[in-house]
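Survey of secondary and tertiary structure
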Amino acid sequence: MAETLDRTGEIDLNPAKALERVDAWLDGFVRLLPNLLLALVFLAVVWFVSKWVGRLVNRTATSRERDNLGDVIGSFVRWGMFLFGALIALTIVVPSMSPGDLIAGLGVSSVAIGFAFKDILQNWLAGMLILLRQPFEIGDQIQVGDFEGTVERIESRATILKTYGGRRVVIPNADIYTSAVTVNTAYETARNEYDIGVGYGDDLDDARQEILDIVTATEGVASDPAPETLIWGLDASWVTIRARWWQASDRKSMVNVKSDVMRAVKLRFDEKGIDLPYETQMHLWHDQTEESDGDRRRQREGWTVAEDDAREVPRSRRVAERDDVRTGARGEAGDGAPAPRAGA
């Protein structure tokens, strides 16, 4: 057989070598075909077994009223078993690859995957902890930051809320786990309250008793603990009376009962003649052309001088100038004697 020389600068085509390479590949595939078929059968068995185990975990959690936890753990177990089976199937196809090599490669890959999917893994772990510890459940009404609503689902990545206005809010589990969460329906009853302003001229004891009677008779208000009314503030325009009572903790009950109390208080106070005053403002005026304006030792602010006040009432500038002309003291700044008060 004549040797084929490889000449520089020329393209050498050797179909025989190409056919020989393809033949080697086919021979290798034929040798690996039994292993490949065995790996596929093994992988199919692993898939059905992992699926059955996932359903078993889900069914067990559902029987204990932990549906969301069963979904997450069942999915994790199913895919974890399938991934492990896929690695074993790979060693069947390629016998030269040992389990130690797979584990070592998996360790390096897990670090890279951890950095690449840090947020996803963080939310997944937070979701697992939320499902295990159960700070709140499906159907609870919670508040997280600026969002408040009813918990619809707790998924592996996020918690789904339905706001009271009918909107859906998806909150990452990591945010929920690291933030303060208010669970409004953690207990069957919760305290509600409302502040009512009463006029200073009204009898506070009578007003408190009227409010207490109204709250006690309102449907939905619990009798134990009993409602109470407290003097809560002496404000600028009214005396604040705070009514406090216990009732069902869900949002609808809280809003409806408070509305009934407010309506009943308004009608009862109108009937009894108890004042619900408007906000009152007082504006004080004085003559800003007095001779003392600008002199911080004598300038007045606010109230006028009372009749029994020993202080002297400043004259207006016009009167001061006129008196200065009469006394011949014009031009002597600051020496004008103030006019005496009337009746002095």
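Residues numbered from 1 in each chain as written. Predicted model: local features only at pLDDT ≥ 70, side-chain atom pairs only at ≥ 80, totals over all residues. Heavy atoms only, no water.

Time to look at the overall build of the protein chain. Secondary structure assignment for the protein chain yields eight helices and eight strands. The burial tally for the protein chain puts 26% of its 344 residues in the buried class. Looking at the protein chain alone, contacts between residues at least 24 apart form 60% of all its contacts between residues at least 6 apart. On the protein chain, roughly 24200 Å² of surface is accessible, and the fraction owed to carbon and sulfur atoms is 56%. (Helix = DSSP H or I, 4+ residues; strand = E, 2+ residues; numbered from the N terminus. Buried < 20%, exposed > 50% of the residue type's maximum accessible area, 1.4 Å probe, protein only. Contact = heavy atoms within 4.5 Å. Areas by Shrake-Rupley, 256 points an atom, 1.4 Å probe, with all protein chains shown as cover.)

What holds strands together in a sheet is hydrogen bonding between their backbones, with the strands either parallel or antiparallel. Taken together, three strands build an open sheet; the order of strands is β6-β8-β7 and the sheet is antiparallel. Only two strands of the sheet have a single neighbouring strand rather than two, namely β6 (189-198) and β7 (228-234). Sheet twist, expressed as the average angle between the axes of neighbouring strands with direction ignored, equals 30°. Two elements, β6 and strand β8 (residues 239-248), share ten bridges in a ladder whose sense is antiparallel. (Pairing = 2+ DSSP bridges. Axes fitted to C-alpha atoms, helices over the stretch in contact; angles between N-to-C directions.)

A few words on the pairing of β7. Bridge analysis of β7 against β8 gives six bridges, and the strand direction is antiparallel. For Thr-229, the partnering residue across the bridge sits in β8 and is Ala-243. Two successive antiparallel strands, β7 and β8, enclose a turn made up of four residues.

Glancing now at the nonpolar core. Counting 15 residues, the largest nonpolar core has Ile-211, Val-215, Trp-245 and Phe-269 as its most contacted members. Those elements that place two or more of their residues in this core are β6, α6 (204-217), β8 and α7 (251-272). Among all residues touching Trp-245, those that are not within four sequence positions of it are Ala-190, Arg-191, Asn-192, Glu-193, Tyr-194, Val-215, Val-221, Pro-227, Val-257, Lys-258 and Val-261. Counting 13 residues, the second-largest nonpolar core is a separate cluster that includes Ile-130, Ile-154, Leu-161 and Ile-176. (Core = buried A, V, L, I, M, F, W, Y, C linked by side-chain atoms within 4.5 Å.)

With that settled, consider the pattern of salt bridges. If you walk through the whole model with that rule in mind, you get seven salt bridges. In this structure, Asp-195 engages Arg-242 in a salt bridge whose closest nitrogen and oxygen atoms are separated by 2.6 Å. Taken as a pair, Asp-195 in strand β6 and Arg-242 in strand β8 lie far apart in primary sequence, 47 residues in all. Among the residues examined, Asp-195 registers a relative accessible area of 34% and is labelled partly exposed. You can call Arg-242 buried: its relative accessible area is 14%. Each of the salt bridges in this network shares a partner with another, and the network as a whole consists of Glu-193, Asp-195 and Arg-242. (Salt bridge = Lys/Arg side-chain N within 4 Å of Asp/Glu carboxyl O.)

Before going further, it helps to spend a moment on the confidence of the model for the protein chain. Mean pLDDT for the protein chain: 78, with 69% of residues reaching 70 or above. Confidence, expressed as mean pLDDT per element, reaches its minimum in the protein chain at helix α3 (residues 99-116) with 60 and its maximum at β8 with 96. (pLDDT = per-residue confidence, 0-100.)

So, on to the sheet that holds strand β4 (residues 168-172). Taken in spatial order, the five strands line up as β4-β3-β2-β1-β5 in an open sheet, and their pairing is antiparallel. Strand pairing shows two members of the sheet lacking a second neighbour, β4 and β5 (181-183), which therefore form its edges. On average, each strand axis in the sheet is inclined to that of its neighbour by 40°, with strand direction left out of account. Here strand β3 (residues 158-163) runs beside β4; their pairing, made up of five bridges, is antiparallel. Looking at β4, one finds that Ile-160 is bridged to Val-170.

A contiguous nonpolar patch, built from Leu-33, Leu-36, Leu-37 and Leu-40 and spanning about 320 Å² of accessible area, is present on the exposed surface. Among the secondary structure elements, Leu-37 is positioned in helix α1 (residues 15-63). Take Leu-37: its relative accessible area is 49%, and that puts it in the partly exposed class. (Patch = residues over 30% accessible without salt bridge, like charges linked within 9 Å, V, L, I, M, F, W, Y side chains within 5 Å.)

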